[in-house]
Each structure stands twice: as C-alpha cells, then as structure tokens.
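Spelled out, the chains give:
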Amino acid sequence: MTTGYSKRNFLIILSAPSGGGKSTIKNEILEKSEKMEYSVSYTTRAPRGSEKDEVDYFFVTENKFLELKVKNEFLESALVHGNWYGTSRSFIESKFNQGKHVIMDIDIQGAESIRKSDIDSVSIFILPPDLEILEKRLRDRGTDNEESIRKRLYNARKEIEKISDYEYLVINDDLNDAVTEIEAIIKAEENKVKRYNKIESKFYGG
Ligand code: 5GP
C-alpha cells in the first residue's frame, strides 16, 4: 500500500504513424482509468458537428490564440492547414493539481517540443508489427484514397526514424496487449523516486 504518499502526476505523450492505432489506444486508456484525463488543446478552427467547446478543443479566435501564445500558454503550437493548434499548459497543470495524469496523442514534432519543455512527461511510440500491416490497416479503415495511403506510408517511414527520441516503444499487434503494456509503463513511471513528494519527511519528520 502507498497510502499517505503523494506522487506527482505527469503527461503521457503517444505518437504513432497514421493508422498505428494511437487514438483507439488513447480512448481505451481514458475509459479504463479515472486518474487519466485527455489533454484538451486550443484551436482557431471552427467546431465541427457535435464538437463541444472545452471538451474537444478550446475554440478561440486567432487574436485570442496569439495573445495566449505570447503569454507562453502553449507547450507547443502548430499551424495546420491554416488553423492554429496548441497544447495548453494551464489545462495540463490544473489536471495535475487535481491528482490526474494527462494523456495526449501528437505528431513527432509536437512531441519533441513538449519533451523540451519544463513539463514532466513520458513519451511512448506505438508501432504496428510491420509496414504491410500498417498498409492493411489504412486500407481497411476505408477513409483514405490511394494517394493519401501512399503519403501516409511515406510519412510513416520518416516518423519511424524518430523512434529513438522516445522513451518507450509499444508494438500494437493486439490492442489489449498494447493497452496493458502502456498501463504497465504508467505504473512503473508513477513509482519513480523523483515522483514521490517529500518522501524523507514521511520518515524523519519536518
Ligand atoms: P483536427 O482539426 O482534424 O481536429 O486536427 C487537425 C490536426 O491538428 C491533426 O493532425 C491533429 O493531430 C493536430 N492537432 C490537434 N491538436 C493539436 C495540438 O495541440 N498541437 C499540435 N501540434 N497539433 C494538434
């Protein structure tokens, strides 16, 4: 039992090639653990369909976004297809203060910026067993045309070159196994000595 010990929470970064299964894995982990929160980003794009403000994104104007950017609110930000997106520092810190870990899926550049920031994070790369399986998953998904599939496979090779920047690698052969492995990584990371608060005072007082 670790009753009475307080531990610091951290950010879990998931990256994977498109079709690698990171969204499914992320959703599964969020569903299974009350201690886990999804990182809600800011964006300047308009909400789509049933998307809700503060749930899917914080939807803001470009002026507001740039104002927040200047104030160092974003751990990283990027212009994607003409719209700004940014990972919110204050959102993540408020979840840490509520005793939660925060999980996010992000591309390799975003992950690199976050690793360089002062936020405590653990980065995990998720990979399908091989490129043939990745291609099959992209085709089975039925959402991409041939050109888009080719582009995603090309990008996957580039992304895979960055694996050594990550702390952990999980092969997503079986979804349940991949989720179990990520849960084990989170458990081990929670027990790192650096994440216990004031361990000495528990024994020596003061
Ligand atoms: P969508 O508009 O379809 O929700 O997202 C468009 C793209 O923006 C996706 O590739 C998504 O991963 C990326 N994106 C969403 N939030 C963030 C963020 O906070 N930072 C960065 N760098 N990219 C993001």
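Residues numbered from 1 in each chain as written. Predicted model: local features only at pLDDT ≥ 70, side-chain atom pairs only at ≥ 80, totals over all residues. Heavy atoms only, no water.

Engineer: I'd like to hear about the pattern of salt bridges, residue by residue, with values.
Structural biologist: A side chain of one charge can pair with a side chain of the opposite charge when the charged atoms of the two come close. Applying the stated criterion across every chain, the model contains 22 salt bridges. Linking Lys95 and Glu37 is a salt bridge whose minimum nitrogen-to-oxygen distance equals 4.0 Å. Here the residue Lys95 occupies a position in helix H3 (residues 89-97), and Glu37 occupies one in strand S2 (residues 36-38), the gap between them amounting to 58 residues. (Salt bridge = Lys/Arg side-chain N within 4 Å of Asp/Glu carboxyl O. Helix = DSSP H or I, 4+ residues; strand = E, 2+ residues; numbered from the N terminus.)

Engineer: Any chance you could break down the sheet that holds strand S5 (residues 74-80) for me, citing the residues and the numbers?
Structural biologist: Read across the open sheet, the 4 strands follow the order S4-S3-S6-S5; overall the sheet is mixed. Where the open sheet ends on each side, the last strands, each with one partner, are strand S4 (57-59) and S5. The mean inter-strand angle of the sheet, taken between neighbouring strand axes irrespective of direction, is 25°. Looking at chain direction, strand S3 (residues 41-43) and strand S6 (residues 83-88) are connected through 2 bridges and run antiparallel. Considered in S6, the bridge of Tyr42 is made with Gly86. Sitting on the sheet, H3 touches S4, S5 and S6, and the angle it makes with S6 is about 25°. (Pairing = 2+ DSSP bridges. Axes fitted to C-alpha atoms, helices over the stretch in contact; angles between N-to-C directions. Contact = heavy atoms within 4.5 Å.)

Engineer: An account of the sheet that holds S2 is requested, with residue identities and associated values reported.
Structural biologist: Within the open sheet, the 5 strands sit side by side as S2-S7-S1-S8-S9. Their pairing is parallel. The two strands at the open ends of the sheet, each matched to only one other strand, are S2 and strand S9 (168-171). Averaged over all adjacent pairs, the angle separating strand axes in this sheet is 30°, with direction ignored. Bridging between S2 and strand S7 (residues 101-105) involves 3 bridges; their strand directions are parallel. By the bridge assignment for S7, Glu37 is matched with Val102. Packing against the sheet, helix H1 (residues 22-32) makes contact with strand S1 (11-15), S2, S7 and strand S8 (121-127), and its axis sits at approximately 160° to S7. Where helix H7 (residues 175-190) meets the sheet, its contacts fall on S1, S2, S7, S8 and S9, and the angle it forms with S9 comes to roughly 160°.

Engineer: Tell me about the side chain of Thr87, and please be specific about residues and values.
Structural biologist: Considering the arrangement of structural elements, one finds Thr87 in strand S6. A distance of 2.5 Å separates polar atoms of two side chains, one belonging to Thr87 and the other to Glu76. Setting aside residues no more than four positions away along its own chain, Thr87 makes contact with Ser39, Ser41, Glu73, Phe74, Leu75, Glu76, Ile92, Met104, Ile106 and Ile114. (Polar contact = N/O pair within 3.5 Å; in protein donor to acceptor, adjacent residues only side chain to side chain.)

Engineer: Before we move on, can you summarise H7 with the specific residues and values?
Structural biologist: Taking 1.5 Å of rise per residue, 16 residues should cover 22 Å, and H7 covers 23 Å from first to last C-alpha, within 8% of that figure. Turning to H7, its buried residues number three or more, namely Ala178, Val179, Ile182, Ile185, Ile186, Glu189 and Glu190. Along the long axis of H7, the arc covered by the buried residues comes to 135°, so they all point the same way. Close packing links the buried residues of H7 with S1, H1, S2, S7, S8 and S9. Measuring from the side-chain oxygen of the N-cap residue of H7 to the backbone nitrogen of Asn176 gives 3.1 Å; that N-cap residue is Asp174. (Expected span 1.5 Å × (residues − 1). Buried < 20%, exposed > 50% of the residue type's maximum accessible area, 1.4 Å probe, protein only. Arc of directions from axis to C-beta.)

Engineer: Residues and numbers for a negative patch on the surface, please.
Structural biologist: A contiguous patch of negative charge, built from Asp130, Glu132, Asp173, Asp174, Asp177 and Glu181, is present on the exposed surface. Positionally, Glu181 belongs in helix H7. When its relative accessible area of 39% is taken as the criterion, Glu181 is described as partly exposed. (Patch = residues over 30% accessible without salt bridge, like charges linked within 9 Å, V, L, I, M, F, W, Y side chains within 5 Å. Areas by Shrake-Rupley, 256 points an atom, 1.4 Å probe, with all protein chains shown as cover. Lys, Arg positive; Asp, Glu negative; His and termini not counted. Charge placed at Lys NZ, Arg CZ, Asp CG, Glu CD.)

Engineer: Account for the confidence of the model for the protein, naming residues and giving values.
Structural biologist: Confidence in the prediction of the protein, expressed as mean pLDDT, is 93, and 98% of residues score 70 or more. For the protein, the element scoring lowest by mean pLDDT is helix H8 (residues 199-204), at 78; helix H2 (residues 62-70) scores highest, at 98. (pLDDT = per-residue confidence, 0-100.)

Engineer: Before we move on, could you go through the site of the ligand and cite the residues and values that matter?
Structural biologist: Taken together, Ser41, Arg45, Arg48, Tyr57, Glu76, Ala78, Val80, Tyr85, Gly86, Thr87 and Ile106 make up the full set of residues adjacent to the ligand. Here an oxygen atom of the ligand sits 2.6 Å away from a polar atom, N or O, in the side chain of Ser41. Contacts to the ligand include Arg48, whose side-chain N or O atom sits 3.1 Å from an oxygen atom. In isolation the ligand has 510 Å² of accessible area, and contact with the protein removes 68% of it. In a pocket analysis with a 2 Å cut-off to the grid points, the ligand is assigned to the largest pocket. Elements with a minimum of two residues in the shell around the ligand: S5 and S6. Classifying every residue of the shell around the ligand by side-chain character gives 5 nonpolar, 3 polar and 3 charged. (Near = heavy atom within 4 Å. 1 Å grid on protein atoms, 1.4 Å probe; cavity = no way out; pocket = protein on both sides within 12 Å on 5 of 7 lines; lining within 4 Å. Sits in = over half its atoms within 2 Å of the grid points. Nonpolar A, V, L, I, M, F, W, Y, C, P; charged D, E, K, R; others polar.)

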